[in-house]
Each structure stands twice: as structure tokens, then as C-alpha cells.
Amino acid sequence: MNKRAKIMVVKYVTYSLLMLILYVLQSTPQLFSIAGIKPVLVFPFAVAVAMFDKQLAGGLFGLFAGILCDTSSNVLFGFQSILYLVICTAVGLLVVYFMQPSVVNSLIFTGCGLGFRLFLEYFFYYVMWGYDNSHLILLGQMLPLLLYTLVVTPLLFLAVRKMHLFFEEKMEYVKRSMVYQVSRLHHEAM
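All values reported here derive from a predicted model rather than from experimental measurement.

A.B. asks: Is there a simple way to explain the overall build of the chain in this structure?
C.D. replies: Scanning the chain from terminus to terminus reveals five helices and zero strands. Taken over the C-alpha atoms alone, the chain extends approximately 85 × 35 × 30 Å along its principal axes. Of the contacts made within the chain by residues no fewer than 6 positions apart, 69% connect residues no fewer than 24 positions apart. Here the chain displays about 11,100 Å² of accessible surface, and carbon together with sulfur accounts for 71% of that area. When the 13 basic and 8 acidic side-chain charges of the chain are each reduced to a single mean position, those positions are 11 Å apart.

Printed below as a string of C-alpha cells:
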């Protein structure tokens, strides 16, 4: 395995371990809880990965985040997995073709993606079955969850950006050293 491949493996293993740590933090009872509301940490992380590592890595980390969230939620298993896969792949494509990775765009993508997921959950689990006062769940639990997640989103975006830049510097160093070796070999051959 060459040096570039090793750096990529280390990068994605690091991202995966951080995703697991964020999931543990997100799932720990009473940790980061304000009035019984806890932020979703793995989804903004997956969105940030999609913004920097494009659609394939973003989609896979979106799927990973969704599987983790599905294991600890009361919604149908696979609901969040498929939804996060599609959202993060779309985010990666949007960044490739139309937008730049920025904190504001991260807030927009996370807010729209999580808001869409919460709306679908609200519709299919409460509105469709005609629960009385279901708007209280929307206003008292889902909207604060969305806002709390948006508060922590910039921190996760900045952390992913810092890690991405670190690994890009390593890749650039390897690339420059390879070019130097090739030019030195070419010069010696003459």
C-alpha cells in the first residue's frame, strides 16, 4: 500500500472513530440534555464530511450516522439510514457543483436535512394517526431538538475542516516528495 492510500485509511478510520464517539456522547443519558432535549451530533458531522470529502464519503458516513441513530430511536429501523444516505450524498454533490464548504452552508444543509427528517417523523408517527395535540410534540420536542443541533453544528463543521486540512497537507507533502524523487531520478538518468 502506498503512502497516499495509508493516509486515506487513517483519515477515514479517524472519522469513523469520531463518529462513534459522537454517537456515544449523543446517546448518553442526561449528557448535554437541556430540559430533556439533546442534540443530534452524528448527522451534522456526516454533513460536514460530505462537504469536504464529496458525495461518496458523505453518503457512506450519512449511512453510518443513520444506522447509529436507528439503533437508538423508536422509528422504523432503516428510516434514518436511508434518509441520511440520500441527504449527505446530495450535500456532497451540491458542494461539488454549486456551493462552497462554509459554516453557513453547513447550517443550511443540517437544518434542512434534519428538519425534513423531523417533519417526516412528525407526519408519519403523529399527524397521520390523528393524535390530539400533536403540535405540542412538534413545538416542544422536535423544534428545540433542531435548534439545539444547529447550535452545535458550527463546532462539528470546524472540527471536520481542521481534520480535512491536516490530512490534505499530509497528502500534499507525499505528492511533493514523490515529484521530487521522480525529478531526481530523471536528472540522475541523464
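So that's the structure; there's more coming.
A.B. asks: I'm lost on the layout of surface pockets in this one. Help?
C.D. replies: One water molecule sets the probe size; rolling that probe over the atoms shows where empty space is left. When its volume is computed, the largest pocket comes out at roughly 620 Å³. Looking at the largest pocket, it is lined by 22 residues, and the ones nearest its centre are Lys38, Val40, Ser72, Arg117 and Leu145. For the lining of the largest pocket, the secondary structure elements donating two or more residues are α1 (3–27), α4 (103–127) and α5 (135–189). The class makeup of the residues in the lining of the largest pocket is ten nonpolar, nine polar and three charged.

A.B. asks: Explain the environment of leucine 138 here, please?
C.D. replies: Examined against the element boundaries, leucine 138 turns out to sit in helix α5. What makes leucine 138 partly exposed here is its relative accessible area of 31%. When the C-alpha atoms of leucine 138 and valine 86 are compared, they prove to be 24 Å apart, with 52 residues separating the residues in sequence.

A.B. asks: Would you mind going over the side chain of threonine 153 with me for this structure?
C.D. replies: In this structure, threonine 153 sits in helix α5. For threonine 153, a relative accessible area of 1% puts it in the buried group. Setting aside chain neighbours within four positions, we find threonine 153 in contact with Pro44, Ser106, Leu107 and Thr110.

A.B. asks: Just to check I follow, could you spell out α1 for this structure?
C.D. replies: Given 3.6 residues per turn, any residue in an α-helix points the same way as the ones three and four places further on. Taking 1.5 Å of rise per residue, the 25 residues of α1 would be expected to cover 36 Å, and the 36 Å separating its terminal C-alpha atoms lies within 8% of that figure. Along α1, the residues classified as buried are Ile7, Lys11, Tyr15, Met19, Leu22, Tyr23 and Gln26.

A.B. asks: Just to check I follow, could you spell out a nonpolar patch on the surface for this structure?
C.D. replies: A surface patch of nonpolar side chains, amounting to about 770 Å² of accessible area, comprises Phe119, Phe123, Phe124, Val127, Met128, Trp129 and Tyr131. Looking at the element boundaries, phenylalanine 119 is found in helix α4.

A.B. asks: Explanation requested: the packing of aromatic side chains in the structure shown.
C.D. replies: Aromatic rings in a pair are described by how distant their centres are and how their planes are angled relative to each other. Evaluated as defined, the whole model comprises ten aromatic pairs. Ring geometry for tyrosine 15 and phenylalanine 61: centres 5.9 Å apart, planes at 80°, overall edge-to-face. Separated by 46 residues along the polypeptide, tyrosine 15 in helix α1 and phenylalanine 61 in helix α2 (residues 42–71) bring together distant segments of the chain. For the pair shown, tyrosine 15 and phenylalanine 61 are each scored as buried. Plain terms: the ring middles of phenylalanine 166 and phenylalanine 167 are 5.3 Å apart, the flat faces sit at 75° to each other, and that makes the pair edge-to-face. For phenylalanine 167, a relative accessible area of 7% puts it in the buried group. Pairwise contacts between aromatic rings join Tyr12, Tyr15, Phe45 and Phe61 into one cluster.

About the criteria used
Residues numbered from 1 in each chain as written. Predicted model: local features only at pLDDT ≥ 70, side-chain atom pairs only at ≥ 80, totals over all residues. Heavy atoms only, no water. Helix = DSSP H or I, 4+ residues; strand = E, 2+ residues; numbered from the N terminus. Contact = heavy atoms within 4.5 Å. Areas by Shrake-Rupley, 256 points an atom, 1.4 Å probe, with all protein chains shown as cover. Lys, Arg positive; Asp, Glu negative; His and termini not counted. Charge placed at Lys NZ, Arg CZ, Asp CG, Glu CD. 1 Å grid on protein atoms, 1.4 Å probe; cavity = no way out; pocket = protein on both sides within 12 Å on 5 of 7 lines; lining within 4 Å. Points joined across faces, edges and corners; volume = space filled by probe spheres on them. Nonpolar A, V, L, I, M, F, W, Y, C, P; charged D, E, K, R; others polar. Buried < 20%, exposed > 50% of the residue type's maximum accessible area, 1.4 Å probe, protein only. Expected span 1.5 Å × (residues − 1). Patch = residues over 30% accessible without salt bridge, like charges linked within 9 Å, V, L, I, M, F, W, Y side chains within 5 Å. Salt bridge = Lys/Arg side-chain N within 4 Å of Asp/Glu carboxyl O. Phe/Tyr/Trp six-rings, centres within 6.5 Å; stacked < 30°, edge-to-face > 60°.

The values reported here are purely geometric and, on their own, carry no functional implication.
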